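Observations on the three-dimensional arrangement
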Amino acid sequence: MDRYRHTLEQALKQLKLDLNETQVERLLAYHQLLVKWNKAYNLTAVRDPQEMISRHLVDSLSILPWIGSGRLLDVGSGPGLPGIPLAICRPDLDVTTLDSNGKKTRFQQQVRIELGLDNLTVINGRVEQVEAAPFDMIVSRAFASISDMLTLSGHLAAPSGVFLAMKGLYPEAELEQIPAGFSLQDVHRLNLPDTDGERHLLILGRI
Ligand SMILES: C[S@@+](CC[C@H](N)C(=O)[O-])C[C@H]1O[C@@H](n2cnc3c(N)ncnc32)[C@H](O)[C@@H]1O
């Protein structure tokens, strides 16, 4: 446990993220639940608990500097990534996580209850069929191509809402397929500790 705390705290320092003790405790409690449930329910292909800290928790938290205020939707959230770490670290934010896999959303509901995350709503469903009040930010990680993300979740964004796509290598080919009416607003290279390869955050919006 101390080993995981150390890895997390070192990474937070490198990312210059200043979290309070309650937030660190909750991140570690989420990690513990993920490790436990993953054994029975196969929620993520990452099985090594140490690797889960860097590849899941820290990777999710690396986009915090670009998260604004209001309502955030994490689409194709899986076991709650990046939505749950963001909800833990930004209690002022209204976070909704959405996934079509019932096993994964049941896990997220359990995390919500055990951690007392009042700012988290979990939805089970296919994004293209879900109706909900408009979101200011729609984020996704390892969900779909940028084009599919915009097409499938576009109806859930507020008129000035932004889409934050977490990607590995700069996705040049995907950007050539952006549907009409949307444009790339910003690109950030994420400097992550303990991660092989590049990570990028792309911010898109309506024209
Ligand atoms: C590769 S996982 C990524 C999970 C998580 N975002 C992460 O980074 O670990 C993609 C997830 O998208 C979900 N998914 C795929 N199509 C979907 C759809 N149309 N609506 C909602 N969720 C969907 C799958 O159930 C799966 O959990």
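Residues numbered from 1 in each chain as written. Predicted model: local features only at pLDDT ≥ 70, side-chain atom pairs only at ≥ 80, totals over all residues. Heavy atoms only, no water.

1. A look at the site of the ligand
Near the ligand you find 16 residues, and of these Gly76, Leu81, Asp99, Val127 and Arg141 are the closest. Aspartate 99 is positioned such that a nitrogen or oxygen atom in its side chain is 2.6 Å from an oxygen atom of the ligand. Measuring from an oxygen atom of the ligand, one finds a side-chain N or O atom of lysine 104 at 3.1 Å. Protein contacts shield 78% of the accessible area of the ligand, which totals 600 Å² for the unbound molecule. For the shell around the ligand, the residue count by class is 5 nonpolar, 6 polar and 5 charged. (Near = heavy atom within 4 Å. Polar contact = N/O pair within 3.5 Å; in protein donor to acceptor, adjacent residues only side chain to side chain. Areas by Shrake-Rupley, 256 points an atom, 1.4 Å probe, with all protein chains shown as cover. Nonpolar A, V, L, I, M, F, W, Y, C, P; charged D, E, K, R; others polar.)

2. Considerations on the sheet that holds strand β7 (residues 199-206)
Here we have 7 strands laid out as an open sheet, ordered β3-β2-β1-β4-β5-β7-β6, and mixed in their pairing. In the strand order of this sheet, the two ends are held by β3 (120-124) and β6 (182-190), each with one partner. Between one strand and the next, the sheet's axes are offset by a mean angle of 20 degrees, whatever the strand orientation. Across 6 bridges, strand β5 (residues 157-167) lies against β7 in antiparallel orientation. Note that in β7 the partner of lysine 167 across the bridge is histidine 200. Together, β4 (135-141), β5, β6 and β7 form the strand contacts of helix α6 (residues 146-153), whose direction differs from that of β5 by roughly 150 degrees. (Pairing = 2+ DSSP bridges. Helix = DSSP H or I, 4+ residues; strand = E, 2+ residues; numbered from the N terminus. Axes fitted to C-alpha atoms, helices over the stretch in contact; angles between N-to-C directions. Contact = heavy atoms within 4.5 Å.)

3. A look at the packing of helix α1 (residues 2-14) against helix α3 (residues 49-61)
Packing of α1 against α3 leaves a shortest axis separation of 10 Å and a crossing angle of 30 degrees. Classified by the angle between their axes, α1 and α3 sit roughly parallel to one another. Crossing of α1 against α3: the hand is right-handed. Two secondary-structure elements touch here, α1 through Arg3, Tyr4, Thr7, Leu8, Ala11 and Leu12 and α3 through Pro49, Gln50, Ile53, Val58 and Leu61. The residue inventory of the contact of α1 with α3, partitioned by class, reads 8 nonpolar, 2 polar and 1 charged. (Parallel < 35°, antiparallel > 145°, perpendicular 65-115°, else oblique. Left-handed = near helix turned anticlockwise from the far one by under 90°.)

4. Concerning the layout of surface pockets
A volume near 330 Å³ is recorded for the largest pocket. Contributing to the lining of the largest pocket are 17 residues, with His56, Pro79, Leu81, Arg141 and Ala142 lying nearest its centre. Here the element with the most residues in the lining of the largest pocket is α3; it accounts for 3 residues. Its residues assigned to classes, the lining of the largest pocket shows 6 nonpolar, 5 polar and 6 charged. (1 Å grid on protein atoms, 1.4 Å probe; cavity = no way out; pocket = protein on both sides within 12 Å on 5 of 7 lines; lining within 4 Å. Points joined across faces, edges and corners; volume = space filled by probe spheres on them.)

5. Quick word on the UniProt feature "binding site: S-adenosyl-L-methionine" (unreviewed entry) in the protein
UniProt feature "binding site: S-adenosyl-L-methionine" (unreviewed entry): in the numbering of this structure it lies at Gly76, Leu81, Val127, Glu128 and Arg141. Of the residues named above, Gly76, Leu81 and Arg141 line the largest pocket. Accessibility expressed as a relative area gives 34% for glutamate 128, which makes it partly exposed. Here glutamate 128 is in contact with Leu152 and His155, once residues within four sequence places are set aside. Relative to the assigned elements, arginine 141 resides in strand β4. Among the polar contacts listed, one links the side chain of arginine 141 to the backbone oxygen of arginine 55, at a separation of 2.8 Å. (UniProt positions renumbered as here; feature names shortened; annotations may be inferred. Buried < 20%, exposed > 50% of the residue type's maximum accessible area, 1.4 Å probe, protein only.)

6. A short note on the side chain of aspartate 59
Tracing the sequence through the fold places aspartate 59 in helix α3. When sequence neighbours within four positions are dropped, the list of residues in contact with aspartate 59 reads Ser54, Arg141, Met166, Leu192 and Arg199.

7. Digging into the pairing of strand β2 (residues 94-99)
Counting buried residues in β2 gives 5 out of 6 residues, a clear majority hidden from the surface. Bridge count between strand β1 (residues 71-75) and β2: 5 bridges; the pairing is parallel. Paired with valine 75 across the bridge in β2 is leucine 98. Remark: the β1/helix α4 (residues 83-89)/β2 crossover connection has right-handed handedness. When β2 meets β3, the two strands line up parallel, connected through 5 bridges. Pairing of valine 95 across the sheet is with leucine 120, part of β3. The parallel pair β2 and β3 is bridged by helix α5 (residues 102-115), and the resulting crossover is right-handed. (Right-handed = clockwise from strand over helix to strand, strands pointing away.)

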